[in-house]
Amino acid sequence: MPSASFPTDPEYFESFDGTRIAWRELGEGRPVVLIHGYFSNAEVNWVRYGHAAAIAAQGFRVIMPDLRGHGASDKPHDKAAYAADALMRDGLALIEHLGLTDYDLGGYSLGARTTVRMLVNGAEPRRVVLSGMGLTGIVSTAGRGGYFRHVLTNLGSFERGTSEWLTEAFLKTTNGDPVALLGVLDTFVDTPVEALAGIIQSTLVVSGVEDEDNGSAAALADALPAAIFREVPGNHMSAVTKPELGQAIADFLAAA
């Protein structure tokens, strides 16, 4: 039976290397695949604060995978499971597994970066949503990756109220696996700014007005040929809790 917090039980498939990837769905209609952020999962990112429901209400089948190392997906501790671009390959494998040919694609934070990696490696959605992501987080992943590596290798040592302490607190709320999440950092791949010119789909870049964690979202929109930029309340952590985020995505997809 579906849980109280999620509209459906997870479904699973085996990705390119046998890792079991979970996904859930809400709604009926045109498919849109939405990928969550680092340390998070589909339920926290898309369901808990009503974003998936707002999008589904516009006539969409919202497909929400859990990234490897997260949520209900496998969390292997073998370093071989975290080759460069493994998350991108999982995303393409999900598209193939579901037989999607006419669909939309997007993500928040790491989900947005994964979306970009999918786009420059052959994904062909009609429309794109990049949320909680700036240009720096696409073209130079080392900065945020280094921050998270520092947190994960020094758990329990941070002063209460600091950014690192808050990040660790979020890890606890999602029951994150530190070993698996360290592996996920090894999958990060930079995307050259020149490659962004090849993303010709209509794209929504949406970010919290106080969110600079991954650089400038406005600059990311400027680097894309067919992007519009929208701001919603909040910073990187809080914007995902605001109904304005889901509504901005729903409005974009419904109008495009």
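Above this text sits the structure in question.
Novice: So what's going on with the sheet that holds strand 7 (residues 202-208)? Which residues, and what values?
Specialist: The eight strands are arranged 1-2-4-3-5-6-7-8 in an open sheet whose pairing can be described as mixed. Each edge of the sheet is formed by a strand with only one pairing partner; in this case those strands are strand 1 (11-14) and strand 8 (227-232). Pairs of neighbouring strands in the sheet enclose a mean axial angle of 20°, with direction left out of account.

Novice: Can you lay out the packing of aromatic side chains for me, pointing to particular residues and giving the numbers?
Specialist: By convention here, two paired aromatic rings are described through the distance between centres and the angle between planes. Within the structure shown, the criterion is met by six aromatic pairs. Plain terms: the ring middles of Tyr-38 and Phe-39 are 4.7 Å apart, the flat faces sit at 40° to each other, and that makes the pair tilted. Arranged with centres 5.2 Å apart and planes meeting at 75°, the rings of Tyr-147 and Phe-148 form a pair that is edge-to-face. Put simply, the rings of Tyr-38, Phe-39, Tyr-147, Phe-148 and Phe-188 pair up and form one aromatic cluster. Geometry around Phe-188 places Arg-113 over its ring, the cationic atom sitting 4.6 Å from the centre.

Novice: If you had to explain the pairing of strand 4 (residues 60-65) to someone new, which residues and values would you point to?
Specialist: Burial analysis of strand 4 places five of its six residues in the buried class, which makes it a mostly covered element. Pairing between strand 2 (residues 20-26) and strand 4: four bridges, direction antiparallel. From the neighbouring strand, Arg-24 faces strand 4, where its bridge partner is Met-64. Bridge analysis of strand 3 (residues 30-35) against strand 4 gives four bridges, and the strand direction is parallel. Note that in strand 4 the partner of Val-33 across the bridge is Ile-63.

Novice: Let's hear about helix 6 (residues 142-152): which residues, and what values?
Specialist: Among the residues of helix 6, those classed as buried are Arg-144, Gly-145, Tyr-147, Phe-148, Val-151 and Leu-152. When helix 6 is viewed along its axis, its buried side chains cluster within an angular range of 160° and face the same direction. Buried residues in helix 6 make contact with helix 7 (163-173) and helix 8 (178-185).

Novice: Please provide a residue-by-residue account of the side chain of Asn-214, values included.
Specialist: Positionally, Asn-214 belongs in the loop between strand 7 and helix 10 (217-223). If sequence neighbours within four positions are ignored, Asn-214 has contacts with Ser-109, Arg-113, Gly-132, Met-133, Gly-134, Leu-135, Thr-136, Gly-137, Arg-144 and His-236.

Novice: Tell me about unusual backbone geometry, residues and numbers included.
Specialist: Even without being glycine, Phe-39 reaches a positive phi, approximately 75°. Relative to the elements of secondary structure, Phe-39 occurs in the loop between strand 3 and helix 1 (42-47). Exposure remark for Phe-39: the relative accessible area of 2% places this residue in the buried category. Despite not being glycine, Asn-175 has its phi angle at roughly 55°, a positive value.

Novice: So, the pairing of strand 8: which residues are in play, and what are the values?
Specialist: Across six bridges, the pairing between strand 7 and strand 8 is parallel. Pairing of Thr-203 across the sheet is with Ala-227, part of strand 8. This β-α-β element, strand 7 to helix 10 to strand 8, shows right-handed connectivity.

Novice: Lay out helix 7 in plain terms, naming residues and giving numbers.
Specialist: Restricting attention to buried positions, one finds in helix 7 the residues Thr-167, Glu-168, Phe-170 and Leu-171. Burial along helix 7 is one-sided: seen end-on, the buried residues are contained in an arc of 155°. For helix 7, the exposed residues set more than 90 degrees away from the buried face come down to Lys-172 and Thr-173. Turning to helix 7, the residues buried within the fold contact helix 1, helix 6 and helix 8.

Conventions we followed
- Residues numbered from 1 in each chain as written.
- Predicted model: local features only at pLDDT ≥ 70, side-chain atom pairs only at ≥ 80, totals over all residues.
- Heavy atoms only, no water.
- Pairing = 2+ DSSP bridges.
- Helix = DSSP H or I, 4+ residues; strand = E, 2+ residues; numbered from the N terminus.
- Axes fitted to C-alpha atoms, helices over the stretch in contact; angles between N-to-C directions.
- Phe/Tyr/Trp six-rings, centres within 6.5 Å; stacked < 30°, edge-to-face > 60°.
- Lys NZ or Arg CZ within 6 Å of the ring centre and 35° of its normal.
- Buried < 20%, exposed > 50% of the residue type's maximum accessible area, 1.4 Å probe, protein only.
- Arc of directions from axis to C-beta.
- Contact = heavy atoms within 4.5 Å.
- Right-handed = clockwise from strand over helix to strand, strands pointing away.

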